[in-house]
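Structural description and commentary
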Amino acid sequence: MGIHLSALVLVKDRNGKIVKRRKLRLHSATYQFAQFMYEMFTAQVSPSIQYSPITIQGMAVYTQAPSAQALTPSAGGVLYLVPISSTFGANGTAAQVMNPIIGLGNGTLTFSPSIAQLAGPILIYSAYSSSELTPNLTEASPPGAYANNPSISYASFYFSPAIFQNNTSSTVTVSELGWYAALYLTNPVTSFNTLMTHDNISPSISIAAGGTLTVTFTVELE
Amino acid sequence: MPKPLLTARYRVVVRDAQGRIKYIEEAPSKSFILNFLYLWWLNFNLNTTDTISVVDSSGNQTTTTLTEPCGWWGWANSQTTQVGNPYAGIQVGSGTSSPSASSPYLESLILNGTSPGQLSYAFNDVTSPSVSSNPSTIQITQTLTNNSGGSVTVGEIGLATGLENYSTNTYYAALIIHDVLSSAISLPYGGTITVTYTLQVNT
């Protein structure tokens, strides 16, 4: 019994033909995930419970690939899980696009709970520099109250760049998949994404020039 | 079947008025409920008209529309609700019906107090995860005392987190886990029941 997270990856060639379809079970949660769960029950304005020396590995990504940055909340800081758009701007803005819910990488990582970034993060899209994969924003859908299998489909999340287009002239290889959550800290005031899960994809997935990769995250109650 | 990303266990310890342990029950939690997914989903949304079923700070069962920036936060441990809050953190009830994923409340929540059928809620104690542990765990513990003058029956337990409408500073509690005990417990006058939920983040 518990919460399962999985990802369906779909690769199409430049003609829209499906060349690969794979369902991946994501089961490597980071320390940030545990910290995030802890915050559900303790984040509060009283200084009687200190965050220090807790350090959250945050990231701020606007014009670059995801990178780990240490963020230490100050006493009294409240940590919120927030709608990503309230943190990073309206739908479709560069800031929002650059703070991915779905992280892709071309490296390989020996998992440890303390990791905070992908080994070889792929630059998703930037208005300011060359891109490797260009995202497409899609629509959201709420959780379904199915009798024995309630689930959320990330495929249709409004602010998730779920479809990635390879606009380069060569093949892009994806061998890592991460899920990020958007958080907001009141002291110091900081908006950031943080890596919740990391999984290696083996064998890796190749997206030919002009092709697309669609990533669908699904959370299920078991 | 691979391990779930997140699992939960509960432990219930019943003591009599002299502090002697009379009963222990420990088992995997069977029922994360739909509210948990709604809170997760919140992270990916804005301007939705969908609602989530919650309890407000006065204990009223209601719904709130997730149209404002909201977040999970520590209503359970905020200064004004540290002790005597039956809504945030650990909940206990007298119901015995099987939980439903779509049901956002305990069947029959036991309120805080000293009147017949009531229990005195204490502080929700929360342990922090360790970055070096694998898997990481978080424990939420609540000890309730029976000061009602008679025995009180406990048949169900649950775990609720906080939810804030950020723009209106309105706070709610949302149940995310609901379990029914293997059999209802009769807690004697002066006795205590300690409920611990352990959330385990797996790798």
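Residues numbered from 1 in each chain as written. Chains lettered and ligands numbered in written order. Predicted model: local features only at pLDDT ≥ 70, side-chain atom pairs only at ≥ 80, totals over all residues.

The helix and strand inventory of chain B stands at one helix and 12 strands. For chain B, the succession of helices and strands along the chain, N to C, is β-β-α-β-β-β-β-β-β-β-β-β-β. Every one of the 203 residues in chain B was classed for burial, and the buried ones make up 49%. Once local pairs closer than 6 in sequence are excluded, the contacts in chain B between residues at least 24 apart make up 68%. (Helix = DSSP H or I, 4+ residues; strand = E, 2+ residues; numbered from the N terminus. Buried ≥ 20, exposed ≤ 12 C-beta atoms within 10 Å, placed from the backbone. Contact = placed C-beta atoms within 7 Å.)

Turning next to unusual backbone geometry. Cis peptide bonds are those with omega within 30 degrees of zero, and the linkage from Ser202(A) to Pro203(A) qualifies with 0 degrees. On the secondary structure map, Pro203(A) appears in strand E11 (residues 189-207).

Interpretation of the predicted coordinates at a detailed level should be avoided for regions scoring low in pLDDT. Residue and element names in this part refer to chain A. Residue-level pLDDT values for chain A average 65, and 48% of them are 70 or greater. Within chain A, strand E2 (residues 18-26) carries the highest mean pLDDT (90), whereas strand E3 (residues 56-58) carries the lowest (39). Overall, residues 43-65 carries pLDDT values under 50, and its contacts beyond four positions in sequence, including any with other chains, amount to 69 contacts. Predicted confidence for residues 137-141 stays below pLDDT 50, and this span has 18 contacts to residues more than four positions away or in other chains. (pLDDT = per-residue confidence, 0-100.)

Moving on, we get to the environment of Leu24(A). All names here are of chain A. Note on placement: Leu24 falls in strand E2. With 144 residues separating them in the primary sequence, Leu24 and Thr168 have C-alpha atoms 26 Å apart. If we skip the residues at most four places from it in the chain, Leu24 touches Ser6, Ala7, Val9, Leu177, Asp199 and Ile201.

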